[in-house]
Structure formats: structure tokens, C-alpha cells
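# A look at the structure
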Amino acid sequence: LDLFVVTVSLALEITFRVVHKDILHDLVGILILFRVWRFVRIGHGLVASTFELQEIKMHELKHYVMEVEEMVTQCGGELPKERPSVLMADSKSEH
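Numbers given to residues run from 1 along each chain, matching the order in which its sequence is written. Per-residue local features are limited, in this predicted model, to residues with pLDDT of at least 70; the limit for side-chain atom pairs, both in listing and counting, is 80 or more; totals at the level of whole chains, interfaces and linings are taken over all residues. Excluded from the side-chain calculation are hydrogens and water; included are all heavy atoms of the structure.

### Things to note about the overall build of the protein
What the protein contains, in helices and strands, is three helices and zero strands. Secondary structure counts use DSSP, requiring at least four H or I residues in a row for a helix and at least two E residues in a row for a strand, with both numbered from the N terminus. Counting from the amino terminus, the protein carries its helices and strands in the arrangement α-α-α. Classification of residues uses two cut-offs on accessible area relative to the type maximum, computed with a 1.4 Å probe and protein chains only: under 20% is buried, over 50% is exposed, and between them is partly exposed. Counting every position in the protein, which comprises 95 residues, the buried fraction comes to 12%. The contact criterion used is simple: two residues touch if any of their non-hydrogen atoms lie within 4.5 Å. Within the protein, counting contacts between residues at least 6 apart in sequence, those at least 24 apart form 52% of the total. As presented, the protein carries roughly 8,200 Å² of accessible surface, and 67% of it is formed by carbon and sulfur atoms. The protein chains shown are the only cover counted for residues, whose accessible areas, like all others here, come from Shrake-Rupley with a 1.4 Å probe.

### What about the environment of Met-58?
The residue Met-58 is located in helix H2 (residues 21-74) in this model. With 28 residues separating them in the primary sequence, Met-58 and Val-86 have C-alpha atoms 9.4 Å apart.

### Topic: the confidence of the model for the protein
A score from 0 to 100, pLDDT tells how confident the predictor is in each residue. When pLDDT is averaged along the protein, the result is 79; 77% of the residues meet or exceed 70. Considering each helix and strand of the protein separately, the mean pLDDT is smallest for helix H3 (residues 85-94), with a value of 59, and largest for H2, with 85.

Encoded structure:
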């Protein structure tokens, strides 16, 4: 789709040099809209991929914390009475 947008915008820019000015103004608006939409898509892709990576890292860290807590209790150590809410929500679904 990005290739299509870039190709069409290039073709329209070349065409605009030849076409009547009234049509030119309308087509320039459409071209700007397409380019803005492309930037929105790229931004959304970056946000979505970053969110997914953070979710994976958070899941791995939760597992690590739970393993460490289990080792501490097996060795007779005490855990803090209050757990962070992030760990409490995940521990219910894991066990």
C-alpha cells in the first residue's frame, strides 16, 4: 500500500504541472490527505509493535519474579506483605 501511495502521489504531482488550476487545488488536498494517512499508519505500526514488545518483556519479568518468590519461600525467607498490583493480577491467572 505504501508503494501505491508513493507512486500515485508522484504521478499526481507530475500531472498537476499540466492540469488546470481549479482541479489542481482539489487534487492537492486529496494528495495531502493520502500522505497524512500514510504517516498515521506508520505511527500506528510503531506504537503497536512497541506495545507488543513491552507485553512480552512484562510477561517474562512476571515469571522471573514468581520463580524468585518461590525460591525465597522454599528457603524459609519472607516476602513483603504487599505485592504490586501488576503481579497480583497476573498471579491469579497463572495459578
